[in-house]
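Next come the chains, spelled out residue by residue.
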Amino acid sequence: MNAVEWGVASPILALLGAAFAVVAVDLFFPRSRERGLTELITYAGLVSAMLASWMLEGGVAFNGALISDPLSRFVTMAVLVAAMLATIASADALAARRVPLPEYFALLLSAAAGMVLLAMSHDLITMFLSVEILSLALYILCGITRQDPRSNESAMKYFVLGSFATGFLLYGMTLIYGASGSVFLEGMALKLPGLPSAMVLAGLGLLLAGFAFKIGAAPFHMWVPDVYEGAPTPVTAFMSVAVKTAALGALLRLLVSGLPGQEEGWGPLIGGIAALTMIVGNLGALGQKSVKRMLAWSSVAHAGYALIGLAVAGEGADGRIASAAGPAASLFYAAAYTVMTIGAFLFLMFAGRAPSAASPGREAETYDDLNGLGRRRPWAAAMMTALMVSLAGIPPTAGFFGKFTLFRAAVDADQAILAILAVVTTMVSAAYYLRVIVAMYMKDAPASQADSESAGSPDLSAGLAVAVSAALTLYLGLMPGAVLEWARQAVASLL
Amino acid sequence: MDNVPWLSILIWLPAVGAAALLFVRAENAVRAASAGVSLAAAAVAGMLAVTFEPAAGAAMQFPESFSWIDAGGLDIRYSLGMDGIALSMVALTALLTPLVILASWKSITDRVRGFHASLLLLEAAMFGVFLARDLFLFYVFWEAMLLPMLLLIGVWGGPRRVYASLKFFIYTLAGSLLMLVAILACYLHAGKSLGAPTFDIGRLAAVLPSMEGGPQNLLFAAFAIAFAIKVPLFPFHTWLPDAHVEAPTAGSVVLAAVLLKMGAYGFLRFAIPFFPAAAAAFAPLMIALSVISIVFGALMCMAQSDIKKLIAYSSVSHLGFVVLGIFSFTEAGAQGAVLQMVNHGLSTGALFLLVGVVYDRTHRRGVDDFGGLAKPMPAYAAVFFLVTLSSIGLPGLNGFVGEFLVLKGAFDAHRAAAVVAALGVILGAVYMLRLYRDMFWGPVTAPRNEKLPDLAGLERAALAPLVVLIILLGIKPDLVLRRTAPAVEASLRSVTRPAAVEAPHERR
């Protein structure tokens, strides 16, 4: 196999190509024309990556380093949809804060490329490299509004803690490699039969710590609220969903296809992380005054729900996992989480005032900022209501059906205790999601605020992104069949 | 005619109507459109009630079924069907929704469009709950009721509306999420014994009763808690007085007349036929709780000075009779319970409408705020009197037959419980008559009440159908009983005649 299989890598190449093209725009075109061109190239890159991932045949490439299969396609699509929605909402808001758009979009595209690479990586080295690519891009994106001290703090925290986490990840990979003698997932699966040894367990622990950090799962979640709050909202929206989905996909591939025989080791570990994450995330979200911080904590909680499916995979007799239902439920939940959370974050931009020549705009921050929104902006409030209902897990929305499939997998695997814990924490979560609905519909804005709000126009590009994610949330709730079946095939392809 | 999906039309008509309201501008046009949609739904429901075939036994009529979600190993169907119990509840819902729209014509002036859209969405979800024949579909409708009701209480309610609406929401959600886990366990159990898991309610009722004792008790408890919160049964009732007091008139009426019935409906439709052994084992506890609800609710009524709160607690007491009748496991008791569900919907719905009338005029609802109202408002006093008598179960009016049947059934099964419950009937007469005396008799106590206008046209129109039915069902309760009998018998069969439903494997 000497021919280079460019086809498999084409989605990544499309994204990176677009990133370079965007930088070139910065070099060769005057400032005034930058904006339209960069946006155009970004959309072109995202769409062609989607098409490439969708249409090209699957297969293994680069001597087994990259793989294109239903799982990678599923995660790629979720990541690119998130990138698309973030892009829609980005340009206006960031241009108003004097962020150089070519740099911004180049970094966004590189981060997306890293995530797609992560979803496709088929050995430990590629996996590690892609984590680094996406992380470096995101560190800079968090701090890209340089005049804002909170943005600086966000980038700094993320960078320092993130470096630690990648250290863990690398150490864990080293130990697994030491125990199995292979960095390739198939090789690991062949050479690690039987009970987990102490070395494998230690490696697994460190590996999971690294991934838990990237996913934002307890007890490695401490950075999440500060980083998510400080980063510019489109960046927060993008990273809160895309990193999680990509990392979850990679973790799923690593465990199901690389370490299926070690389920006795990782199953309970992930179950513990999921349980702790649900509790910590929901309790953390309860006490927040800032909606953005609340959503950050809620994203921690949802990472816990998504992990339930992996935790209940179970070990079958043939050295494979017992059932695809659990991991498939996790994947479906990641997709549901993607559409509902990105919409909720972007809504904060939509609910405030759009930037204009006179002012840099204002985002909604606290619950009180949303008071009376149902009266002032009925459509915005209605879309946010759909997203909140979905996050709270109430039908007919994506969040409900996602939880439903997760609970089914847990009850089926005789781990109803995880489902019951999820039920109890979901009840707690209703309290803080409902506060948004209460503020929008049941409280009135003070007269002064109502006047100043009506002075500026709403950020319609953010509004478009919110509308799309609200529509997708309802679609996944009412007609979940196709995506669920896709998720099932994605997991089945690993078995 | 046979191939028309009437039940789907019934459910989706109000839902589509709610969406259509978004495109109507003028407030009066919104009200008229909303009334029109609900009247159309009532016409469909009336047509179904007439064509419903009582002689067809417990079989589901007007069935519809097609695959909804068939992926990832799930088999979820959109299937609907109607038996006598569902029919009576659907008819009640279809009757009351247009009435509350009439009653809200003048009293709701803020965000009219949102109000009517919420009300119609709620109606659609309520129809869905009663007609669903797939457990997943049922759960979706069950939860879909939460948001419109939350908004009805929280946006158009009284001063403590936010607290009351959140309390309602979280209590109900707590119960229903536990039920969701139990529903999944049922689904998977059916998969183990049938070979293929199913949410089909009929097939689940055939296979679940053979489940062994331990899991059966747990699952029954999960369902029973969800339904007990909805009924509400003591000690799960604390959300009810808050929700009722703060809700606008329309919310109170729908809540009392239909939403509370869903708990009792759930017992009859799911908890008992699915888990007969557990239901029999838990029956003493359920009967004790229902008797406590009857007496406790009645005693709480005696102590209230807020009319709405008084009626709210009277619901706790009356719904206690319903649960008592169901868990007597006698045909008389259960038939009486279903009849009481209808009766309570009519008379308590009417009571809340009546309180709304004076509240709209005075913005007060303390018992002390009124006195001698019979003088300025004679027609109002007359209707109130009739409804009061219906509520306390005077022979000749609807309340009597249901209460009598429940007590007869309970007396056959648990004599002591029936004796204590009968105390609730007496207390009921005391608090309702006392309320009537304080509000209507004697001289007008407050000068501001001297010139209160009597019932207006819209109010008369809203109350008239209820008055007619209160009298009609008193004379001819058979209108309901004849249609519900086969369904009630079927839902108790697994408890009263366990042999008849055993061995589902051979059946399949």
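Bear in mind the structure is a predicted one, so any value in this text is a computation, not a measurement. (Residues numbered from 1 in each chain as written. Chains lettered and ligands numbered in written order. Predicted model: local features only at pLDDT ≥ 70, side-chain atom pairs only at ≥ 80, totals over all residues.)

Novice: Mind showing me how you'd approach the overall build of chain A here?
Specialist: When you go through chain A residue by residue, the secondary structure sums to 20 helices and two strands. For 495 residues, the compact-globule estimate of 2.2 N^0.38 gives 23 Å, and the C-alpha radius of gyration of chain A, at 22 Å, lies within 12% of that figure. For the C-alpha atoms alone, the extent of chain A along its principal axes is close to 70 × 55 × 40 Å. Residue burial in chain A is summarised as follows: out of 495 residues, 64% are buried. Taking all contacts inside chain A whose residues are at least 6 apart in sequence as the whole, residues at least 24 apart take part in 79%. (Helix = DSSP H or I, 4+ residues; strand = E, 2+ residues; numbered from the N terminus. Rg over C-alpha atoms; globule rule 2.2 N^0.38 Å. Buried ≥ 20, exposed ≤ 12 C-beta atoms within 10 Å, placed from the backbone. Contact = placed C-beta atoms within 7 Å.)

Novice: Which parts of the structure should I look at to understand the overall build of chain B?
Specialist: In terms of regular secondary structure, chain B is built from 21 helices and two strands. If you line up chain B on its principal axes, its C-alpha atoms span 75 × 55 × 40 Å. The 508 residues of chain B split such that 62% are buried. Sequence separation of at least 24 residues holds for 79% of the intrachain contacts in chain B that already meet a minimum separation of 6.

Novice: Just to check I follow, could you spell out the packing of helix H6 (residues 146–156) of chain B against helix H7 (residues 161–194) of chain B for this structure?
Specialist: When two helices pack together, their arrangement is given by the angle between the helix axes and the distance between those axes. Residue and element names in this part refer to chain B. Where H6 meets H7, the axes come as close as 8 Å, and the angle between the chain directions of the two elements is 160°. One finds that H6 runs roughly antiparallel with respect to H7. Here the hand of the crossing between H6 and H7 comes out right-handed. For the pair H6 and H7, the contacting residues are Leu 146, Met 149, Leu 150, Ile 153 and Gly 154 in the first and Arg 161, Val 162, Ala 164, Ser 165, Phe 168, Phe 169, Thr 172 and Leu 173 in the second. Among the residues making up the contact of H6 with H7, the classes are represented as nine nonpolar, three polar and one charged. (Axes fitted to C-alpha atoms, helices over the stretch in contact; angles between N-to-C directions. Parallel < 35°, antiparallel > 145°, perpendicular 65-115°, else oblique. Left-handed = near helix turned anticlockwise from the far one by under 90°. Nonpolar A, V, L, I, M, F, W, Y, C, P; charged D, E, K, R; others polar.)

Novice: Would you explain unusual backbone geometry in this entry?
Specialist: Leaving glycine aside, a negative phi is the common case for residues, and trans is the common case for peptide bonds. Here the amide bond leading from Pro 395 of chain A into Pro 396 of chain A is cis, since omega sits at 0°, within 30 degrees of zero. Looking at the element boundaries, Pro 396 of chain A is found in the loop between helix H15 (378–391) and helix H16 (398–412). Pro 232 of chain B follows Val 231 of chain B through a cis peptide bond whose omega is -15°. If you trace the backbone, Pro 232 of chain B turns up in the loop between helix H9 (213–230) and helix H10 (239–246). Positive phi values are uncommon outside glycine, yet Arg 111 of chain B reaches one of about 45°. Along the polypeptide, Arg 111 of chain B turns up in the loop between helix H3 (84–103) and helix H4 (112–131). Since 18 C-beta atoms lie within 10 Å of it, Arg 111 of chain B is described here as partly exposed.

Novice: Explain the interface of chain A and chain B here, please?
Specialist: Contact with chain A, which involves 29 residues of that partner, is made by 27 residues of chain B. Listing elements by their share of the side of chain A that touches chain B, those giving two or more residues are helix H13 (325–351), H16, helix H17 (416–442) and helix H20 (481–492) of chain A. The element that contributes the greatest number of residues to the side of chain A that touches chain B is H17 of chain A, accounting for 12 residues. Class assignment of the residues belonging to the side of chain A that touches chain B gives a composition of 22 nonpolar, three polar and four charged.

Novice: Can you help me understand the confidence of the model for chain B in this one?
Specialist: Close inspection of predicted coordinates is inappropriate in any region flagged by low pLDDT. Residues and elements named next belong to chain B. Looking at chain B, the pLDDT average stands at 88 and 97% of residues meet or exceed 70. Note that pLDDT drops below 50 for residues 501–508; the model gives that stretch 10 contacts with residues more than four away or on any other chain. At the level of chain-chain contacts, confidence expressed as ipTM amounts to 0.91, with global pTM at 0.92. (pLDDT = per-residue confidence, 0-100.)

Novice: Help me understand helix H13 (residues 307–327) of chain B in this model?
Specialist: Spacing of three or four residues puts side chains on the same side of an α-helix, whose turn is 3.6 residues. Residues and elements named next belong to chain B. Here H13 is 21 residues long and its end C-alpha atoms lie 31 Å apart, about the 30 Å a rise of 1.5 Å per residue gives. Burial of H13 is extensive: 21 of the 21 residues sit out of reach of the surface. Downstream of H13 by a residue or two, Phe 329 has a phi angle that is positive, lying close to 55°. (Expected span 1.5 Å × (residues − 1).)

Novice: Looking at this model, I keep getting lost on helix H19 (residues 478–496) of chain B. Mind explaining?
Specialist: Residues and elements named next belong to chain B. Under the 1.5 Å per step criterion, the end-to-end length of H19 is only 24 Å for 19 residues, more than 12% shorter than the ideal 27 Å. The sharpest bend along H19 comes to roughly 45°, located at Thr 484, with the proline Pro 486 sitting one to four residues further on. Within the span of H19, buried status applies to Val 480, Leu 481, Arg 483, Thr 484, Ala 487, Val 488, Ser 491, Leu 492 and Ser 494. (Bend = angle between axes of the 7 residues up to and from the residue.)

Novice: Just to check I follow, could you spell out the environment of Trp 6 of chain A for this structure?
Specialist: Examined against the element boundaries, Trp 6 of chain A turns out to sit in helix H1 (residues 6–28). As a C-alpha pair, Trp 6 of chain A and Phe 62 of chain A span 56 residues in sequence and 8.9 Å in three-dimensional space.

Novice: Help me out: how do you make sense of the pairing of strand E2 (residues 76–82) of chain B in this one?
Specialist: Within a regular beta strand, the side chains point alternately toward one face of the sheet and then the other, so they alternate between its two faces. Both strand E1 (residues 61–69) of chain B and E2 of chain B contribute to a ladder of six bridges, which runs antiparallel. Paired with Gln 61 of chain B across the two strands is Met 82 of chain B, which belongs to E2 of chain B. (Pairing = 2+ DSSP bridges.)

Novice: How do you make sense of the environment of Ala 275 of chain A when you look at a structure like this?
Specialist: All names here are of chain A. Along the chain, Ala 275 falls in helix H11 (residues 263–286). Given 20 C-beta atoms within a 10 Å radius, Ala 275 is considered buried. Residues Ala 275 and Thr 425 lie 150 residues apart in sequence; the distance between their C-alpha atoms is 9.6 Å.

Novice: What exactly am I supposed to notice about the environment of Ala 40 of chain B here?
Specialist: Along the chain, Ala 40 of chain B turns up in helix H2 (residues 27–51). Taking the number of C-beta atoms within 10 Å as the measure of exposure, Ala 40 of chain B has 17 and is therefore partly exposed.

Novice: I keep staring at the packing of H16 of chain A against helix H19 (residues 460–478) of chain A and nothing clicks. Help me out?
Specialist: Residues and elements named next belong to chain A. Following both chains from N to C, one finds H16 and H19 inclined at 40°, their axes separated by 7 Å at the closest point. As the angle between them shows, H16 and H19 are arranged oblique. In contact with Ala 398, Phe 400 and Phe 401 of H16, H19 contributes Thr 473, Leu 476 and Gly 477. Taken together, the residues that form the contact of H16 with H19 break down as four nonpolar, two polar and no charged.

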